[in-house]
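Descriptive structure summary
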Amino acid sequence: MKNFLLVLASTFFVITIVCLCTMCDDSGGCHKHKKHSHYDKPLEFSENPSQDFEYRIIKKGSIGKTDKCLVFKDTAEFNELARHYDMVINNVFAPAHLDGLKEIAILDAETFVDGEEEDERLRGICEWISGKSYVCIAGHCDENDYVLLHELCHSVMRRHERLFNRKYKKDWKSCDEYISKYAKKSLDEDFAETGAAYLYGKRDKDNIKFKLFERYFNEIKN
Ligand SMILES: [Zn+2]
């Protein structure tokens, strides 16, 4: 598998770079040959009428310098991915959840890395810049839907962080359960991992974070 390079342009307005979804599994190895039973299968939803979201899905992110080789040339394939992402989003989120989401760039890659952590193979990034989030997804990655949900959970959290901090953060931090090893990396990653798993339908675990996420997610929606 080729390694691709995504060079993120430096910007004066970057407040936070969140989410570096790695390809590394819990054992620390690359999982390019490993099947993940939980999230491999795409989510299946009905074609709901489109809601009034602000985001747009594009081939080339507007905030970074995307290498030419990462831009989709097969427009039909790109359109199919964009249609699927739209369907997932319309079935899972309400516009209020993704208030700050400006764009989703789908790149023609299985993975990409940023310049600072060349050892990690990344599948998704969510950047929060001047009050808006910009998501980038490797369009051919494994667990495509899961990566999308993970990145969008970062966007939800950034946009509604005050509510989370005020009402949910204390209980969240008092819970010592983690959905994955990657979730232990930070509160942001824990939230995104937990939220993505919840939205993917994994709600059976006796994990208080699922309940907290559900309450928070529903509170924003209304
Ligand atoms: Zn993340």
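Above: the structure in question.
Below: a short report on this structure. (Residues numbered from 1 in each chain as written. Predicted model: local features only at pLDDT ≥ 70, side-chain atom pairs only at ≥ 80, totals over all residues.)

The secondary structure content of the protein amounts to 5 helices and 5 strands. Listed by position from the N terminus, the elements making up the protein come as β-β-α-β-β-β-α-α-α-α. Counting all 222 residues of the protein, 36% fall into the buried class. (Helix = DSSP H or I, 4+ residues; strand = E, 2+ residues; numbered from the N terminus. Buried ≥ 20, exposed ≤ 12 C-beta atoms within 10 Å, placed from the backbone.)

Moving on to the environment of Met 87. As for its position among the elements, Met 87 is in helix H1 (residues 75-92). Remark: the alpha-carbon pair of Met 87 and Leu 43, spanning 44 residues in sequence, is separated by 9.5 Å. For Met 87, the contacting residues outside a window of four places in its chain are Phe 45 and Glu 47. (Contact = placed C-beta atoms within 7 Å.)

The next point concerns the pairing of strand S5 (residues 132-138). Across the 7 residues that make up S5, a large majority, 6, are buried. As paired elements, strand S3 (residues 101-107) and S5 share 6 bridges and run parallel to each other. Each bridged residue has a counterpart across the sheet, and for Leu 101 the counterpart in S5 is Ser 133. Where strand S4 (residues 124-129) meets S5, 6 bridges bridge the pair, whose relative direction is antiparallel. The residue of S5 that forms the bridge with Cys 126 is Val 135. Count of turn residues in the S4/S5 antiparallel hairpin: 2 residues, of which Ser 130 carries a positive phi of about 50°. (Pairing = 2+ DSSP bridges.)

A few words now on the environment of Phe 112. Secondary-structure assignment places Phe 112 in the loop between S3 and S4. On the basis of neighbour counts, which here come to 24 C-beta atoms within 10 Å, the residue Phe 112 falls in the buried class. Measuring from C-alpha to C-alpha, the distance between Phe 112 and Gly 124 comes to 8.1 Å, with 12 residues separating the pair along the chain.

With that settled, consider the nonpolar core. Leu 107, Val 135, Ile 137, Leu 152 and Cys 153 are the most contacted members of the largest nonpolar core, which totals 45 residues. Breaking this core down by element, the ones donating at least two residues are H1, S3, S4, S5, helix H2 (144-159), helix H4 (187-199) and helix H5 (208-221). No other element matches H2, which puts 8 residues into this core. Apart from the residues within four sequence positions on either side, Leu 107 is in contact with Thr 66, Leu 70, Phe 112, Cys 136, Ile 137, Ala 138 and Gly 139. (Core = buried A, V, L, I, M, F, W, Y, C linked by C-beta atoms within 7 Å.)

Turning our attention to the packing of H2 against H4. Where H2 meets H4, the axes come as close as 8 Å, and the angle between the chain directions of the two elements is 125°. As the angle between them shows, H2 and H4 are arranged oblique. In this structure, the crossing between H2 and H4 has a hand that is right-handed. Of the residues in H4, those touching H2 at Tyr 146, Leu 149, His 150, Cys 153, His 154 and Met 157 are Asp 188, Phe 191, Ala 192, Glu 193, Gly 195, Ala 196 and Leu 199. Partitioning the contact of H2 with H4 into residue classes produces 8 nonpolar, 3 polar and 2 charged. (Axes fitted to C-alpha atoms, helices over the stretch in contact; angles between N-to-C directions. Parallel < 35°, antiparallel > 145°, perpendicular 65-115°, else oblique. Left-handed = near helix turned anticlockwise from the far one by under 90°. Nonpolar A, V, L, I, M, F, W, Y, C, P; charged D, E, K, R; others polar.)

An ideal rise of 1.5 Å per residue puts 18 Å on 13 residues; H4 measures up with 18 Å between its terminal C-alpha atoms. Summarising burial for H4: 11 of the 13 residues are buried, a large majority. On the buried face of H4, the contacting elements are H1, H2 and H5. Phi turns positive one or two residues past the end of H4, at Gly 201, with a value near 105°. (Expected span 1.5 Å × (residues − 1).)

Right, let's get into unusual backbone geometry. Keep in mind that most residues, glycine aside, have a negative phi and that most peptide bonds are trans. Here the phi dihedral of Ser 130 falls at roughly 50°; this positive angle occurs in a residue that is not glycine. Within the fold, Ser 130 resides in the loop between S4 and S5. According to the C-beta neighbour criterion, Ser 130 is exposed, with 11 such atoms within 10 Å.

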